[in-house]
Amino acid sequence: MNTNDQMQSPSFYGPVDESQRTVLLENYLASLNIRNGVLDPESGTLPNREESLSQMNAAPIHSVNSVKQDLFDRLYEQFNPRSPDLTPEMLLLLTFCKMNAGEAYGVRVVKTVHSRQDRGKTNLRTRVIQVAQEEEEYHTRILVGAAHYYNINVTGIYRPKPALRFLIYSIAYAPRPLFHPILFASEVVGVYLFNWTLNQIGNYIKSQPELQQAMEQRLIEILIDEVGHVAFNRLVMGASGRQLGHTLTYPTLRGMPTITPELAALGFNGQVMRAFGNFDYRHLPEEVRRRGYFA
């Protein structure tokens, strides 16, 4: 279900009809099951996402510009924005994979902590979190899958920077009243980063429309999920939690170029960060707003 038609001015920071909270959460869980297929608790897989990911990765699309595996591995391990080997497409691919790596690490930490805390619970909130966490695992695979277009295998183990580890553990071990505001801030900033990166792809892939579209579609699929995650965190917080979450978006955003220096090399600078102040749901692509769940 998409609730966009019920809201005149949808906003990440707008009020929530708390009398409808349970209904909206149930609708969100239903939409997750339609989009993903029902979560297999044994394997942790989502059948519809397995199928769509297989289709993405099977597409016979390849860049006309080669990326060498050894150079990619070296820059993936130790990024150098001044490296003569850092071609535009190499930079874009590294950004995709590093965005993925930080998210993958974070999801696994948060999942480990909360699987212990929520063991045995089957309430609506917990059921949604379980599916949303698995969606994040698919984001990992969607982003890394872009390497197929360059005949690159991403095999390195990501070692997150201290700033990222601090953010992740802040989320994972936050007291329950702080958990969702911190997570909300991270999700909103993630939406902004993915949307901004989506808009950069055409500048880095020249005269390859099929490749450009394929890279863009990977980010669009992630954005559709992320909008739902923002909606979910909004729905489970009260007014004070939403206000705190809004406040936390700015310091979270400012740390992103340090956490992922590839973003800074891609052009994520002070001007881009200042533009975040005006960014909201309405700035997302039409396909994301049409296919995503937001309430």
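Structure's up top.
Okay, so let's go over this structure. It should be emphasised that the depicted structure is a prediction, and the values quoted were computed from it without experimental measurement. (Residues numbered from 1 in each chain as written. Predicted model: local features only at pLDDT ≥ 70, side-chain atom pairs only at ≥ 80, totals over all residues. Heavy atoms only, no water.)

### Observations regarding helix 3 (residues 69-77)
Phase 1 of the analysis: Leu71, Phe72, Leu75 and Tyr76 are the residues of helix 3 that are buried. Viewed along the axis of helix 3, the buried residues span an arc of 130°, placing them on a single side of the element. (Buried < 20%, exposed > 50% of the residue type's maximum accessible area, 1.4 Å probe, protein only. Helix = DSSP H or I, 4+ residues; strand = E, 2+ residues; numbered from the N terminus. Arc of directions from axis to C-beta.)

### Side note on the pattern of salt bridges
Phase 1 of the analysis: Scanning the entire structure with this criterion turns up 12 salt bridges.
Phase 2 of the analysis: Notably, a salt bridge pairs Glu18 with Arg21, separated by 3.7 Å at the nearest N-O pair.
Phase 3 of the analysis: Note that Asp225 and Arg49 form a salt bridge whose closest N and O atoms lie 2.9 Å from each other. With Asp225 in helix 8 (residues 209-236) and Arg49 in helix 2 (residues 47-58), this residue pair connects regions lying 176 residues apart in the sequence. (Salt bridge = Lys/Arg side-chain N within 4 Å of Asp/Glu carboxyl O.)

### Observations regarding helix 7 (residues 176-204)
Phase 1 of the analysis: End to end, helix 7 covers 42 Å across 29 residues, agreeing with the expected 42 Å (1.5 Å per residue, within 8%).
Phase 2 of the analysis: Bending of helix 7 peaks at approximately 25° at the position of Leu198.
Phase 3 of the analysis: Most of helix 7 is tucked away: 23 of the 29 residues are buried. (Expected span 1.5 Å × (residues − 1). Bend = angle between axes of the 7 residues up to and from the residue.)

### Focus: unusual backbone geometry
Phase 1 of the analysis: Backbone geometry at Asn151 places phi at a positive 55°, although glycine is not the residue there.
Phase 2 of the analysis: A positive phi angle, near 60°, is found at Ser207, a position not held by glycine.
Phase 3 of the analysis: The residue Ser207 is located in the loop between helix 7 and helix 8 in this model.
Phase 4 of the analysis: Relative accessible area serves as the criterion here: at 76%, Ser207 is assigned to the exposed category.

### Digging into the environment of Ser54
Phase 1 of the analysis: Summarising the element assignment, Ser54 is placed in helix 2.
Phase 2 of the analysis: Residues Ser54 and Gly145, 91 residues apart in the sequence, show an inter-C-alpha distance of 9.7 Å.

### As for the packing of helix 6 (residues 162-172) against helix 7
Helices that pack against each other are described as a pair by the angle of their axes relative to one another and the distance between those axes.
Phase 1 of the analysis: Running from N to C, helix 6 and helix 7 cross one another at 140°; their axes reach a closest spacing of 8 Å. As far as their axial angle goes, helix 7 and helix 6 are oblique. Between helix 6 and helix 7, the contacting residues are Leu167, Ser170 and Ile171 on the first element and Phe179, Ile182, Leu183 and Ser186 on the second.
Phase 2 of the analysis: For the contact of helix 6 with helix 7, a count of residues per class yields 5 nonpolar, 2 polar and no charged. (Axes fitted to C-alpha atoms, helices over the stretch in contact; angles between N-to-C directions. Parallel < 35°, antiparallel > 145°, perpendicular 65-115°, else oblique. Contact = heavy atoms within 4.5 Å. Nonpolar A, V, L, I, M, F, W, Y, C, P; charged D, E, K, R; others polar.)

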